[in-house]
Amino acid sequence: MSESGNERSVLLVLFGPPGSGKGTQAEMLASRSGFVHYSTGEVFRGHISKKTALGLKVEGFVVSGELVPDEIVLEVVADFLLQHAGRSIVFDGFPRTVPQAEGLDSLLKRMGRELTRAVLIDLDDEEVVRRLSSRRQCRVCGKIYNLTFSPPQKDGVCDECGGELYQRKDDQEDTILARLQVYKQQTSPLIEYYQRQGKLVRFDGRSGRDNVYQQLTSLITG
Ligand code: AMP
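Right, let's walk through the structure included here. (Residues numbered from 1 in each chain as written. Predicted model: local features only at pLDDT ≥ 70, side-chain atom pairs only at ≥ 80, totals over all residues. Heavy atoms only, no water.)

The next thing to look at is the pattern of salt bridges. Opposite charge on two side chains allows them to pair when their charged atoms are near. Counted by the stated rule, this structure contains 16 salt bridges. Here D124 makes a salt bridge to R206, at a shortest N to O gap of 2.8 Å. Placement of the pair is D124 in the loop between β6 (117–122) and α6 (125–133) and R206 in the loop between β10 (200–204) and α9 (209–221), with a sequence separation of 82 residues. For R206, a relative accessible area of 48% gives the class partly exposed. A salt bridge links D125 to K184, with the shortest nitrogen-to-oxygen separation between them at 2.5 Å. Taken together, the positions of D125 in helix α6 and K184 in helix α7 (residues 173–187) put the pair 59 residues apart, joining distant regions of the chain. Its relative accessible area of 34% is what places D125 among the partly exposed residues. In this structure, a network of salt bridges that share partners links the residues D124, E127, R130, R131 and R206. (Salt bridge = Lys/Arg side-chain N within 4 Å of Asp/Glu carboxyl O. Helix = DSSP H or I, 4+ residues; strand = E, 2+ residues; numbered from the N terminus. Buried < 20%, exposed > 50% of the residue type's maximum accessible area, 1.4 Å probe, protein only.)

Following this line, the structure appears as structure tokens:
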């Protein structure tokens, strides 16, 4: 992360189908490498549970697995960026459309910043369904578990804070398939968008959490 001996901030976009491990990798970058982890999905879920005006506006989209309209997303991101000028940021689940990616580029340009890399964590459909249907999240601290690869020590209870584990409504099978469709139609065009900018890097989501993390860290230190 250093350039001519000076610390410079890094801006990473992580994208890929739902369940590819973006959230886990972003969390690891935040806890181990000082990144700010910014998940638009978490921001929306927070507003929905607090029943704010934004929460009421986006709830229908989030619950059904459709995308929240670009203008709403970009407004939320613009606010966030202003509050985190100069920090290293990992964007998790944003951008999700080409207009959002263009919006991000122009917001960054106005701030004199530029995206470092866009990392695609790829995963096949069958594995997406398998992973998401066994995913559980803590209602209190947001920690993510997988009943197959990383189960909690005690059924239904968060190891970290004792909170209740639940299955997100949008992790139920019908919605998973809808989210996959949305990903293919609206988010996968980002592959070409970032390829054209020479910023795209691809990782195989099946290669395992630690492996992907190692590749990510060599990318930002290399
Ligand atoms: P996630 O936690 O990233 O899987 O997001 C959960 C849901 O929040 C998505 O299925 C969308 O409904 C909504 N959402 C999150 N991020 C975005 C985004 N960048 N653009 C549009 N909708 C989003």
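Next comes the rest of the write-up.
Pairing in this open sheet of five strands is parallel, and the strands run β4-β5-β3-β6-β10 from one edge to the other. Taken across any chain shown, the strands that pair with only one partner, and hence form the sheet edges, are β4 (36–39) and β10. Each strand axis lies, on average, 20 degrees off the axis of its neighbour in the sheet, ignoring direction. Where β4 meets strand β5 (residues 89–92), four bridges bridge the pair, whose relative direction is parallel. The residue bridging Y38 from the neighbouring strand is F91, located in β5. Contacting β4 and β5, helix α2 (residues 40–50) runs over the sheet at an angle of about 65 degrees to β4. Strands in contact with α9 are β3 (11–15), β6 and β10; relative to β10, the strand with the most contacts, it is inclined by about 160 degrees. (Pairing = 2+ DSSP bridges. Axes fitted to C-alpha atoms, helices over the stretch in contact; angles between N-to-C directions. Contact = heavy atoms within 4.5 Å.)

Structural measurements only, silent on function.
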